[in-house]
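Fold and contact review
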Amino acid sequence: MNSNSFSPARIWTLATATVTQLVRMKIMAFLVVFCVIVVAAGFAFPVMNPEQQLKLLKDVSFGALQIFSVVIAIVSTALLLPRDLEDRTLYTILSKPVPRYEYLLGKLIGVLLLIGAGLFLMDIAFSAVLWLRQSLVLAQSVGALKQEGVATPEAIAQLTEFVGKQGLTWNIHLGVLAIFLKASIIAALSLMISCFASSTLFTVVISLLVTIIGHGQGLIREYFFSEGMNQIMKKLGSAVLAILTPDLGIFDVLDNVINGEIVSAISAGVMIGTAAIYVTGYVLVSHLLFVEKEL
Amino acid sequence: MPDSAPSPPAVTVENLTKVFKSGLGKQAFVAVRDLSLTVEKGEVYGLIGPNGSGKSTTMKAILGLLSPTMGKTTIFGKSSTEVESRRDVGFLPENPYFYKHLSGLETLLFYGRLCSMSGRDLQDKAREMLMLTGLEDASNRRVAGFSKGMLQRLGLAQALLHEPRLIILDEPTAGVDPAGSRKIRDLIMGFKERGITVLVTSHLLEQIQEVCDRVGIMAHGRMVREGKLDDLIAVENETELILADASPDLLAEIRTLAESRGAKWIRSGHSRTTLERLFLESTEEPKS
Amino acid sequence: MKRQIQALAVILVLGAGKLPVEEVATCYLREAKLLTKPISISLRESLGQASFAASLGGLRSLVASITYLRAYREWENINWAKVDSLFQITTRLQPTYFNYWDEASWHMAFNAASSYLYNQEINPMLRGKLYEEHVQRGIDILKEGLLFLPDEPRLWNSLAEIYERRVHDPKKAAECYLEVFRISHNDRYSRFAGYQLAQASDRESWVKGYELLKTAYDKKQRPPSVIDQLKNLEERLNIPPLKRIPDTRPQMEIQHGEVGPSR
């Protein structure tokens, strides 16, 4: 095999160019919007009980994180390939000694770097607000206990533990990891679709559709595996859907992470492994579609 | 490379046929039909023909951007389907575009890295190319603000960056003003002097004729004529004679002599400069 | 064309091959409590509703928060039907979050029920009926929530409180308190069950209540209410004098951490 048939340095060059391209498209402006949302969610609803306040903050922040990651994954991936083709930038790139799969990998890694960096920054901002809010909630609750004259060390310890479980934990960052994994799959999926799609809009719409179905894929699969179904068409339909779409529901651990369930190393491994299978599969199919694509 | 083995031509195209399938119910379109050509090392080969004659398709097939329906293409003996065949090629597409968000220099660094160049070498080479193409002032400007001619020159710089042995130019003078196109022609002459093989397409015959050693004329996906430029355009039985400061008497004498020897006098008159030369003379600043 | 067929083949083969992997991954994450086990299909109102919730993906939690806030607003407007329907959506979206069930039932069984009971503009006959209906609605909500969270002590505790204070059914309240005790192992709830059984009208309940309270007493949990109730039950059950507890009030002992579930 030739020495330059695979070059991580070239892939990195393509990936960083993709990141600069997206960054200079002002995509990261979302980060500012995110921070405003998080701060608003953290301090705008003072009427509820402390636990609800922390939950709401987590719900809103994680919701924003998810929307950010899915939208960026679909839209930026869907934009990149057709744009390079339209601008004929692809010609100059591929007329250099660059294998086509390196180009694809470079684009995908670029999008993933951007999403990863975005999630990382948002995670930091969110953690800071959550920690601040949690400290305030704790101080208020301890103050209330003292006013009622029941601020025994045990009561305060229990309260601290309780608020701590609802507040900032390492576990929450693993929830962000789950969001990233889901976004990686969606980006790889969009890349695959853009390899045969005729327009950006088509890629966006189909990717979005598959993403939505993918969240309910578990249900479809269950339906397919369930006994006592005699309608062949329905069974066939559910089989096709289950085969064609990824099960994104696997990564919806956030609900329960917000409720304080612990993500073990094995659970994280299961999610990473499943995501790796999907991403590898989609990249492989993208390669097959792209390697002899007429440009 | 051992001297004993005959070195392969820079480009070969053998019986290339390219059919574009369109959607269901529509007829397939034959862009190139059984085309063969060879570009020898060190030669400047011009492929000319009207728009839609299959020139760009042929180039894309040579560069491996399209896969031929039939036939094969090679670059320095390597099949175009191999990535390795593109190591020694620089390509300038028609109306090139680059990542708008990069500056001129960044663009060259990006392409250089794709060719596995790096570090000081790459930096130096990129600056040298900007100098060569007259873009040194624009090296830190975003490509988004470049004019068409500047994009074209940046495209050339990008194609030359890794010192290729073959340069493929697709309509390099399209949409460029005469000064720019003169500059491009000078560059092509420069490549030739340095022993670089050039394959260039154009639909403007005049612009190409000054620099090409050989030309191929394409129409409807086929090669209609091919050969050395002089052979192709020379009119065998006519001779041109250009004189300066000749008096009318002298001209009359020459005419009489010619006709007395059996030659046919076709026309005489003042030489005309080309509009292009006039444009260049009046717009170029006087050299100090 | 050949490549397209290869691509399609890879999609289909990998697509079919991934199904068991997805199944295993889902099961594992459900075991790890990171994903919510769906209850059997017959318990879902419809597959459509479940798939709607699923299609929201990771945004379920956020949407639930929004409907919760809207319910809160409707509570301020005293629009009980709207509060109920919004909480219904909220609990559907996030059935594993106990607080939504708890708050939904509290609004119905306590706030809405009382609001109707004391509403002078409504015919007194109707008021009683509305009161009962809304208390029952609160009970139904909690029972539904317990299908998702059968081991959530706070839901059992709330159900016990409704039986105790709104329905005045001490036997059912005791059953619920015993569930709390079963899950939390907090002796306090066993005593609560005991108090409730002492309020019942049949002798069998008294016997059971006596046993619970006597066990607490023997574990040296002797707050005044335990002693009062025990003495009362000793009378009713004709416990022989030798087996009765002494009259002098011993020192009360409370164990560490005996604080109930916070609300």
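Residues numbered from 1 in each chain as written. Chains lettered and ligands numbered in written order. Predicted model: local features only at pLDDT ≥ 70, side-chain atom pairs only at ≥ 80, totals over all residues. Heavy atoms only, no water.

A closer look at the overall build of chain C
Test applied: Comment: elements are numbered from the N terminus, with helices defined as DSSP H or I runs of at least four residues and strands as E runs of at least two. Buried means the residue's accessible area, taken with a 1.4 Å probe over protein chains only, is under 20% of the maximum for its type, while exposed means over 50%, and partly exposed covers the values in between. By the convention used here, residues are in contact when the closest approach between their heavy atoms is within 4.5 Å. Here the accessible surface of atoms and residues is derived via Shrake-Rupley with a 1.4 Å probe, and residues count as covered only by protein chains that are part of the display.
A tally of regular secondary structure across chain C gives 11 helices and zero strands. Listing every helix and strand of chain C by position from the N terminus yields α-α-α-α-α-α-α-α-α-α-α. The 263 residues of chain C split such that 47% are buried. Contacts in chain C between residues far apart in sequence, at least 24 positions, make up 55% of those at least 6 positions apart. Counting only carbon and sulfur atoms, one obtains 57% of the accessible surface of chain C, whose full area is about 13900 Å².

What to know about the interface of chain C and chain A
Quick note on the threshold: The term buried area means the drop in 1.4 Å probe accessible area that two parts suffer when joined, counted for both and summed. The working definition used for a salt bridge is a side-chain nitrogen of Lys or Arg within 4 Å of a carboxyl oxygen of Asp or Glu.
The partner chain A presents 60 residues to the 55 residues of chain C that form the contact. For the chain C and chain A pair, buried surface summed over both sides reaches about 4700 Å², with 62% attributable to carbon and sulfur atoms. It is Arg3, Leu34 and Tyr97 of chain C that lose the most area in chain C upon contact with chain A, and together they represent 13% of the buried surface on that side. Counting across the interface, chain C meets chain A through one salt bridge. We note a salt bridge from Arg3 of chain C to Glu292 of chain A, for which the minimum N-O separation is 3.3 Å. Contributions of two or more residues to the side of chain C that touches chain A are made by helix H1 (2–31), helix H2 (47–55), helix H3 (60–76) and helix H5 (98–117) of chain C. Residue contributions to the side of chain C that touches chain A peak at 20 residues, all from H1 of chain C.

Considerations on the sheet that holds strand E3 (residues 44–48) of chain B
All names here are of chain B. Quick reminder of the rule: A pair of strands is considered paired only if DSSP assigns at least 2 bridges between the two. Only C-alpha atoms enter the line fits that serve as axes; for helices the fit covers just the stretch in contact. Angles between N-to-C directions range over 0 to 180 degrees.
With mixed pairing, the six strands of this open sheet are ordered in space as E6-E7-E8-E3-E9-E10. On the outer flanks of this sheet lie strand E6 (89–92) and strand E10 (222–228), each paired with one strand and no other. Taking each pair of neighbouring strands and ignoring which way they run, the sheet shows an average axis angle of 15 degrees. Pairing between strand E7 (residues 166–170) and strand E8 (residues 197–202): five bridges, direction parallel.

Considerations on the domain arrangement of chain C
All names here are of chain C. As a reminder, the rule being used: Reported domain spans reflect what an automatic or database domain assignment gives. N or O atoms closer than or at 3.5 Å make up a polar contact, with two conditions inside protein: a donor-capable atom paired with an acceptor-capable one, and, for residues adjacent in sequence, both atoms drawn from side chains.
Here chain C is described as being made up of domain 1 (45–168) and domain 2 (179–254). Computed over C-alpha atoms only, the centres of domain 1 and domain 2 are separated by 33 Å. Roughly 550 Å² of surface becomes buried between domain 1 and domain 2 when both sides are summed, with 67% attributable to carbon and sulfur atoms. The tally of links from domain 1 across to domain 2 stands at one salt bridge. The shortest N-O distance in the salt bridge between Asp151 and Arg182 comes to 3.5 Å. Here domain 1 and domain 2 share one residue pair in polar contact (both at pLDDT 80 or more) between them.

Some details on the nonpolar core
Note the following rule: Here the nonpolar core consists of buried residues drawn from Ala, Val, Leu, Ile, Met, Phe, Trp, Tyr and Cys, with membership extended through side-chain atoms lying within 4.5 Å.
Counting 158 residues, the largest nonpolar core has Phe62 and Tyr103 of chain A together with Phe110 and Ile168 of chain B as the members making the most contacts within it. Those residues within four positions of Phe110 of chain B in sequence are excluded, and the remaining contacts are Thr13, Leu14, Ala17 and Ile93 of chain A together with Tyr99 and Leu102 of chain B. Within the second largest apolar cluster, 45 residues are counted, among which are Ala71, Leu93, Leu155 and Cys176 of chain C.

Points about the interface of chain A and chain B
In this complex, chain A contributes 28 residues to the contact, which on the side of chain B involves 34 residues. Of the roughly 2800 Å² buried between chain A and chain B, counting both surfaces, carbon and sulfur atoms make up 56%. Taken together, chain A and chain B are joined by one salt bridge. The shortest N-O distance in the salt bridge between Arg24 of chain A and Glu106 of chain B comes to 3.5 Å.

Notes on a nonpolar patch on the surface
Formally: Patches draw on residues past 30% relative accessible area with no salt bridge. Two like charges within 9 Å are joined, as are two nonpolar side chains (Val, Leu, Ile, Met, Phe, Trp, Tyr) within 5 Å.
A surface patch of nonpolar side chains, amounting to about 600 Å² of accessible area, comprises Met233, Leu236, Val240 and Leu244 of chain A together with Leu8 and Leu12 of chain C. At the level of secondary structure, the elements contributing two or more residues to the nonpolar patch comprise helix H10 (232–244) of chain A together with H1 of chain C. Considering every element that reaches the nonpolar patch, the biggest residue donor is H10 of chain A, with four residues. Secondary-structure assignment places Leu236 of chain A in helix H10. Given a relative accessible area of 51%, Leu236 of chain A falls into the exposed group.

As for the packing of H10 of chain A against H1 of chain C
Put simply, the rule reads: Roughly parallel means an angle under 35 degrees; roughly antiparallel means over 145; roughly perpendicular covers 65 to 115; every other angle is labelled oblique. Each residue is assigned to one of three groups, with Ala, Val, Leu, Ile, Met, Phe, Trp, Tyr, Cys and Pro labelled nonpolar, Asp, Glu, Lys and Arg labelled charged, and all others, Gly among them, labelled polar.
Interhelical geometry of H10 of chain A versus H1 of chain C gives an angle of 95 degrees and a closest axis separation of 8 Å. When the axes of H10 of chain A and H1 of chain C are compared, the pair comes out roughly perpendicular. Facing Ala242, Ile243 and Leu244 of chain A of H10 of chain A, the residues of H1 of chain C in contact are Ile11, Leu12, Gly15, Ala16, Lys18 and Leu19 of chain C. Tallied by class, residues from the contact of H10 of chain A with H1 of chain C come to seven nonpolar, one polar and one charged.

A look at helix H1 (residues 55–62) of chain B
All names here are of chain B. By the criterion of burial, H1 is predominantly enclosed, with seven of the eight residues buried. Looking at H1, one finds that the buried residues are Lys55, Thr57, Thr58, Met59, Lys60, Ala61 and Ile62. Phi for Gly64, located one or two positions after H1, is positive at around 75 degrees.

As for the sheet that holds strand E2 (residues 29–39) of chain B
All names here are of chain B. Strand order in the open sheet made by the four strands is E2-E1-E4-E5, with antiparallel pairing throughout. Across the chains shown, the open sheet's two edge strands, defined by having one partner strand only, are E2 and strand E5 (78–79). In this sheet, E5 lies alongside strand E4 (residues 70–75) in antiparallel orientation, the contact comprising two bridges. Within E5, the residue paired with Thr74 across the bridge is Ser79. Contacting strand E1 (11–20), E2 and E4, H1 crosses the sheet at an angle of about 115 degrees to E1.

Considerations on the packing of aromatic side chains
To keep it simple, the criterion reads: Whether two aromatic rings pair depends on their centres lying within 6.5 Å, for rings of Phe, Tyr and Trp, where Trp uses its six-membered ring; planes under 30 degrees apart make the pair stacked, over 60 edge-to-face, and the rest tilted. Lysine NZ or arginine CZ positioned within 6 Å of the ring centre and within 35 degrees of the ring normal marks a charge as sitting over the ring.
Using the criterion set out here, one finds 18 aromatic pairs over all chains in the structure. Seen from their ring centres, Phe98 of chain B and Tyr111 of chain B are 5.8 Å apart, and the 85 degrees between their planes marks the pair as edge-to-face. Of this pair, Phe98 of chain B sits in the loop between E6 and helix H2 (104–114) while Tyr111 of chain B sits in helix H2, and the two are 13 residues apart along the sequence. Comparing Phe98 of chain B with Tyr111 of chain B shows no difference in burial state: the two are buried. Look at Phe192 of chain C and Tyr195 of chain C: their rings are 6.2 Å apart centre to centre, the planes differ by 35 degrees, and that puts the pair in the tilted class. Here the residue Phe192 of chain C and the residue Tyr195 of chain C both occupy positions in helix H9 (residues 187–199), the gap between them amounting to three residues, near one helical turn. Here the aromatic cluster, defined as three or more aromatic residues joined through ring pairs, consists of Tyr68, Tyr72, Trp75, Phe87, Tyr97, Phe98, Tyr100 and Trp106 of chain C. One cation-aromatic arrangement involves Arg165 of chain B over Phe76 of chain B; the distance from NZ or CZ to the ring centre is 4.0 Å. The ring centre of Trp206 of chain C lies 4.6 Å from the NZ or CZ of Arg236 of chain C, which sits over that ring.

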